[in-house]
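Chain by chain, the residues run as shown.
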Amino acid sequence: MRATLCIAACLSLIIFISTPTLAEEIQPPSGWQQSGPEAHAERFLNLMVQGKLDDAFKVLLGNNRNDALDKLKFEIYSAYKKSGKPYGYEKILSQTAGKSVMRLRYILLFKDMPKTFDIYYYNPTGQEWKLRTFSYIKDIKKIFTQ
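Residues numbered from 1 in each chain as written. Predicted model: local features only at pLDDT ≥ 70, side-chain atom pairs only at ≥ 80, totals over all residues. Heavy atoms only, no water.

Enquirer: Can you walk me through the sheet that holds strand 1 (residues 88–97) in this structure?
Expert: By way of backbone hydrogen bonds, the strands of a sheet pair with one another, either parallel or antiparallel. Spatially, the four strands line up as an open sheet ordered 1-2-3-4, and their pairing is antiparallel. Of all the strands in the sheet, the pair left with one neighbour each is strand 1 and strand 4 (130–137). Ignoring strand direction, the axes of neighbouring strands in this sheet form an average angle of 20°. Contacts from helix 2 (residues 37–50) reach strand 1, strand 2 (101–109), strand 3 (114–122) and strand 4, with the element oriented near 20° to strand 2. (Pairing = 2+ DSSP bridges. Helix = DSSP H or I, 4+ residues; strand = E, 2+ residues; numbered from the N terminus. Axes fitted to C-alpha atoms, helices over the stretch in contact; angles between N-to-C directions. Contact = heavy atoms within 4.5 Å.)

Enquirer: Mind showing me how you'd approach the nonpolar core here?
Expert: A general trend in soluble globular proteins is that nonpolar side chains are found buried together. In this structure, Phe 44, Met 48, Phe 57, Ile 76, Phe 117, Ile 119 and Phe 134 are the most contacted members of the largest nonpolar core, which totals 25 residues. Secondary structure elements with two or more residues in this core: helix 2, helix 3 (53–61), helix 4 (67–83), strand 2, strand 3 and strand 4. Non-local contacts of Phe 44, meaning those with residues more than four positions away in its chain, are made with Ala 56, Phe 57, Val 59, Leu 60, Phe 117 and Ile 119. (Core = buried A, V, L, I, M, F, W, Y, C linked by side-chain atoms within 4.5 Å. Buried < 20%, exposed > 50% of the residue type's maximum accessible area, 1.4 Å probe, protein only.)

Enquirer: Quick question: what am I supposed to make of the packing of aromatic side chains here?
Expert: What describes a pair of aromatic rings is the distance from one ring centre to the other and the angle between the planes of the rings. Taken as a whole and judged by the stated rule, the model has five aromatic pairs. Between Phe 44 and Phe 57 the ring centres are 5.5 Å apart and the planes differ by 65°, which places this aromatic pair in the edge-to-face class. On the criterion of sequence distance, the pair formed by Phe 44 in helix 2 and Phe 57 in helix 3 is long-range, its members being 13 residues apart. Relative to Tyr 136, the ring of Phe 117 lies with its centre 5.4 Å away and its plane at 45°, an arrangement referred to as tilted. With Phe 117 in strand 3 and Tyr 136 in strand 4, the pair connects residues that are 19 residues apart, well separated along the chain. (Phe/Tyr/Trp six-rings, centres within 6.5 Å; stacked < 30°, edge-to-face > 60°.)

Enquirer: Which parts of the structure should I look at to understand the packing of helix 2 against helix 3?
Expert: The description of two packed helices rests on the angle between their axes and on the distance between the axes. At a minimum axis distance of 8 Å, the contact between helix 2 and helix 3 shows a crossing angle of 170°. One finds that helix 2 runs roughly antiparallel with respect to helix 3. Of the residues in helix 3, those in contact with His 40, Arg 43, Phe 44, Leu 47 and Met 48 of helix 2 are Leu 53, Asp 55, Ala 56, Phe 57, Val 59 and Leu 60. Its residues placed into classes, the contact of helix 2 with helix 3 shows eight nonpolar, one polar and two charged. (Parallel < 35°, antiparallel > 145°, perpendicular 65-115°, else oblique. Nonpolar A, V, L, I, M, F, W, Y, C, P; charged D, E, K, R; others polar.)

Enquirer: Whenever I open this one, the pattern of salt bridges confuses me. Can you help?
Expert: For side chains of opposite charge, pairing can occur when their charged atoms come near one another. Evaluated as defined, the whole model comprises four salt bridges. The shortest N-O distance in the salt bridge between Lys 91 and Glu 38 comes to 3.6 Å. Here Lys 91 is found in strand 1, whereas its partner Glu 38 is found in helix 2, with 53 residues between them in sequence. Of the residues examined, Lys 91 reaches a relative accessible area of 40% and is grouped as partly exposed. Taking the shortest distance from any N to any O, the salt bridge between Asp 118 and Arg 105 comes out at 2.6 Å. Within this pair, whereas Asp 118 is found in strand 3, its partner Arg 105 is found in strand 2, the two being separated by 13 residues in sequence. Assessed through its relative accessible area of 2%, Asp 118 is described here as buried. You can call Arg 105 buried: its relative accessible area is 3%. What you see here is one network of salt bridges that share partners, running through Arg 103, Arg 105 and Asp 118. (Salt bridge = Lys/Arg side-chain N within 4 Å of Asp/Glu carboxyl O.)

Below, the structure is given as structure tokens:
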């Protein structure tokens, strides 16, 4: 009886110790990047948190440039100047309309006030999500509205 308990305890210990080792071996390859709308939005936000605003907007929009984008960049630069770099970000909403439209809402966590982004994606063919538009919400109360 004691031998059976001892063997069972040893086997449990071996399994317990080897499980994290197996999990460590199953890692994505070097340079691997997740794809999809969340990954795209989070690459943008990660660069924002790092303070790389120009790179962040290039990731989000490519080389597109217009007056509204320049105004948004100025507002975000002003927030950085006033509050410093953000602490991080949080996804607070993921919503779909049918199978082809998605809205993601993130808050960028600045010291004094969160800055909110709604990012919209469109996928009519089921093949690839494309950024359709995004909006920047200044009013914190609107975070709670759908």
